[in-house]
2 protein chains.
Amino acid sequence: MADLIEPRTLKGFRDYPPELMIPREQLLEKVRRVYRSYGFAPIDTPALEYAEILTGKGGAESDRLIYRFKDHGERDVAMRFDLTIPFARFAAQYIGKLGTPFKRYAMGPVWRGENTAHGRYREFWQCDFDTIGTTSNAADLETVLVIHDMMLALGFDRFQIRVNNRLVLNGLLEEMGLSAQAVPVLRVLDKLPKIKRDATRQEMTEIPGVSGEQADRVLLMAETEGSNEEVLERLQREFGGNAKAADGITRLRELTTAAVVAGVPTERLKLDLSIARGLDYYTGTIYETFLCDLPGIGSVCSGGRYDNLAGLYTKQQLPGVGASLGLDRLLAAMEELKLLPKVATPAEVFVVQFSAAHLGEYQRMARTLRAAGLGVEVYPDAKKVGPQLQYAEKRGFRLALIAGPDEFAQGNWKVKDLAKREEQTVPAAEVATALRKLLTL
Amino acid sequence: MADLIEPRTLKGFRDYPPELMIPREQLLEKVRRVYRSYGFAPIDTPALEYAEILTGKGGAESDRLIYRFKDHGERDVAMRFDLTIPFARFAAQYIGKLGTPFKRYAMGPVWRGENTAHGRYREFWQCDFDTIGTTSNAADLETVLVIHDMMLALGFDRFQIRVNNRLVLNGLLEEMGLSAQAVPVLRVLDKLPKIKRDATRQEMTEIPGVSGEQADRVLLMAETEGSNEEVLERLQREFGGNAKAADGITRLRELTTAAVVAGVPTERLKLDLSIARGLDYYTGTIYETFLCDLPGIGSVCSGGRYDNLAGLYTKQQLPGVGASLGLDRLLAAMEELKLLPKVATPAEVFVVQFSAAHLGEYQRMARTLRAAGLGVEVYPDAKKVGPQLQYAEKRGFRLALIAGPDEFAQGNWKVKDLAKREEQTVPAAEVATALRKLLTL
């Protein structure tokens, strides 16, 4: 007893009690259903990989955040820090067998030993979907549709998907004489919503070869306002002569037009030239998704098109497009927007154990109700009814079933609405119907 | 190009391609639904914990199999090797807030650096459920019911849950003068189905203080045949005078009687005195579950009652009962029994992209069908129809939708049954109904 071990989690890690885990499972189920409805197939890869697979050409930054160690066989191993690199390795290994196009989703935890400031966790879930093996704009359009239908399925109707195209940005930088500085300029531009205009301009001018005037032109373009058509027209007018930009403009026009035909309301899909995405490997359409009621938390679903997924592991060129839902960020947003019900049980119906002698009958009724699709918990101890009902209310059950000797003698059950504190007596055969009725009221 | 990284997984780890991941997700969904229907609430704990939490008093054996290392902050950390110990830590930390009884389930990967012989993997999923904070036999009965209903939900009807009670085993050993040797004797008895009678007897007699005669008596009892009633009667007759055994016999009688009342067919719940469970911490009812068509793979769902879950971390006594489904073992069994469909897509309906100009319309129809609950994939490239249908057949789609200029002009779609190679033309408004009809045929 003297040497109890203190029960605690590591810094940056958290437990999910039922109140958080019930909504998280519901979100995952909804996301999974949308991915599947579009024909994305699930895959899973190990949490641990050879370190060289995960670090690839990665520099000091990724090394710093990776959990990396020697296993029992002295192998240099590491825990995955995203789902993209394991997917690239997976694709390189099996694409011959899988065939293209290949559409996959993957959902699972990833680990990053990052600074834990700003509510960042060192373990968090990602939900990725990608279509590889095609350069078709149809896949770029579908990415918009998946994000759109997923946000709706998750219960949000006030959101906006912002799109841009790296070809447009690169063409535009080419015209401004900034081709050589494209990568750092876009990396800085990506910070615009976070660090605001002045700091962005400042950082941009600190890049060798970027003048204040050039930074102003980039920011002026990035801040273009107007409808999607107006933005496209301005782009066409000012940069249509550049081959790259023209290609990007065509794809963005196709994308926004087809999205409307497919049923996406115009206010939910917005061309935004300031969207840059920091990651170097994007080469075409790029996506970010914002909640209108909580824009400050940043993009909850982001992604883009890339020319080659798995170049580190195979000579086969694998172009593709995809996005990743930040599940835990979305969950935090829902907590902040008070969209999470305070319920600690996944079941609706509570069965009081009035007498231990009738345990088999309580469970038989419960099993009948479960077979009818209801969630039913039977209290394990034959305590007094009062404390059992208190437990049920605290957990968030909605209805209770009670039967003692009188009810069993008459073949009846008492059905109690826990919120309204109303009670009725129902014949055994009609309990399921009565409960359903109360639950849909 | 010269320095490609070889794409490969670590020894003992595996990827899940769609053909395996689709059924695994289905199993997980079914298991989750059964747990929830009984009122078990989901929780999740981190993959990484302080090493001292996971190793506890554990000796050399657990140390050998644990992935343990120093993190960036020089903390001694380890990856979880089961879901029970993290749950014990979780319970110790929050039980005051959660209240008892507390029913939780947890599903997720665990890691063990074990020998990879006999198809064992170093990363595998567990699905645990437990009721803590009660000694009531009602929770022991419910454990049987959950296993029973879960196996049915997973598509098995030929299975048997075998139960025993450690109190009976301990009482029996007490009567045979083997109290001091109880732990090693039960650990050896647990191997009976694997190493057979002679080797078990041999190993038992190697335990200091166990004679050949005693080993024979233990084995004779363990091999008792007969109906549950017959076994209970024999136990009562021979060991009913022992207080521990009598207590265990009463609980087993209650359990088997109430299970029948609750609707479990007698042939699916069998008293088996040879079931011992190797783990020292079980103190009451113990459970194993076998597939009648594949008994050789061993128990697919096992568990038991324990007196105290979290003694390492708290002074509060937390008795409980629970079991764990070996998901990957069950999946392997289903593979062997050829119960897994060879399908690489979660969607049933394939939409041919006949012309890129109609992309928005293809996706609009697809979204209508998705809203009606169907899974629909639109091919990303406007290739010839033949290769698109070949792709669809290879992936395992059941139906295809085709529309070209003629169909669009007339407001029709061609619906094709890919297995039967039959085709019909259907007005746009009736496509959903036609597809549903074909899918339920």
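Calculation rules
Residues numbered from 1 in each chain as written. Chains lettered and ligands numbered in written order. Predicted model: local features only at pLDDT ≥ 70, side-chain atom pairs only at ≥ 80, totals over all residues. Helix = DSSP H or I, 4+ residues; strand = E, 2+ residues; numbered from the N terminus. Expected span 1.5 Å × (residues − 1). Buried ≥ 20, exposed ≤ 12 C-beta atoms within 10 Å, placed from the backbone. Domains from an automatic or database assignment. Pairing = 2+ DSSP bridges. Axes fitted to C-alpha atoms, helices over the stretch in contact; angles between N-to-C directions. Contact = placed C-beta atoms within 7 Å. Nonpolar A, V, L, I, M, F, W, Y, C, P; charged D, E, K, R; others polar. Least-squares fit on C-alpha atoms with pLDDT ≥ 70 in both.

Enquirer: Hey, could you run me through helix 13 (residues 359-371) of chain A in this one?
Expert: Working note: α-helix, 3.6 residues per turn, so residues spaced by three or four point in the same direction. All names here are of chain A. If you check helix 13, its first and last C-alpha atoms are 18 Å apart, about what 13 residues at 1.5 Å a residue would give, namely 18 Å. Along helix 13, the residues that are buried comprise Leu359, Gly360, Tyr362, Gln363, Met365, Ala366, Arg367, Leu369 and Arg370. Phi for Gly373, located one or two positions after helix 13, is positive at around 95°.

Enquirer: Would you mind showing me how to read the domain arrangement of chain A here?
Expert: Frequently, the measure chosen for interface size is the accessible area removed from exposure when the parts meet. When the domains of chain A are assigned, the result is domain 1 (18-336) and domain 2 (349-440). When each unit is reduced to the centre of its C-alpha atoms, the spacing between domain 1 of chain A and domain 2 of chain A is 49 Å.

Enquirer: What's the story with the sheet that holds strand 13 (residues 376-378) of chain B in this structure? I'm lost.
Expert: Backbone-to-backbone hydrogen bonds join strands into a sheet, with any given pair of strands oriented parallel or antiparallel. All names here are of chain B. One open sheet holds the five strands; their spatial order is 13-12-14-15-16, and the pairing between them is mixed. Only two strands of the sheet have a single neighbouring strand rather than two, namely strand 13 and strand 16 (422-427). Going across the sheet, the axis of each strand differs from the next one's by a mean of 25°, ignoring polarity. Of the strand pairs in this sheet, strand 14 (residues 399-402) and strand 15 (residues 412-417) are connected by four bridges, and their pairing is antiparallel. Bridge pairing in strand 15 links Ile402 to Lys414. Along the sheet face, helix 13 (residues 359-371) touches strand 12 (349-351) and strand 13 and points at about 170° away from the line of strand 13.

Enquirer: Just to check I follow, could you spell out the sheet that holds strand 8 (residues 269-271) of chain B for this structure?
Expert: Residue and element names in this part refer to chain B. Taken in spatial order, the eight strands make up an open sheet running 1-5-6-11-10-9-7-8, and their pairing is mixed. The open sheet has two edge strands, strand 1 (41-42) and strand 8, and neither has a second partner. In the sheet, strand 1 pairs with strand 5 (residues 102-111) via two bridges, with the strands oriented parallel. Within the sheet, the bridge partner assigned to Ala41 lies in strand 5 and is Arg104. Contacts from helix 5 (residues 137-153) reach strand 6 (123-132), strand 7 (159-165), strand 8, strand 9 (282-291), strand 10 (301-306) and strand 11 (320-326) within the one sheet, and its direction differs from that of strand 11 by about 15°. Sheet strands touched by helix 12 (residues 327-336): strand 6, strand 9 and strand 11. Its angle to strand 11, the strand with the most contacts, is close to 40°.

Enquirer: Before we go on, may I ask you to explain the interface of chain B and chain A in this structure?
Expert: Counting residues at the interface gives 83 residues for chain B and 83 residues for chain A. Its residues assigned to classes, the side of chain B that touches chain A comprises 44 nonpolar, 20 polar and 19 charged.

Enquirer: What should I look at first to understand the relation of the copies chain B and chain A in this one?
Expert: The pair of chain copies shares a relation made of a rotation about an axis and a shift along it. At an RMSD of 0.1 Å, chain B and chain A line up after a rotation of 180° and a shift of 0.0 Å along the axis. Here the copies are linked by what is in effect a two-fold axis. No C-alpha of chain B lies nearer the rotation axis than that of Phe69 of chain B, which sits 3.2 Å from it. The overlap is high: 100% of the interface residues of chain B also sit at the interface in chain A, so the same surface is used on both sides.

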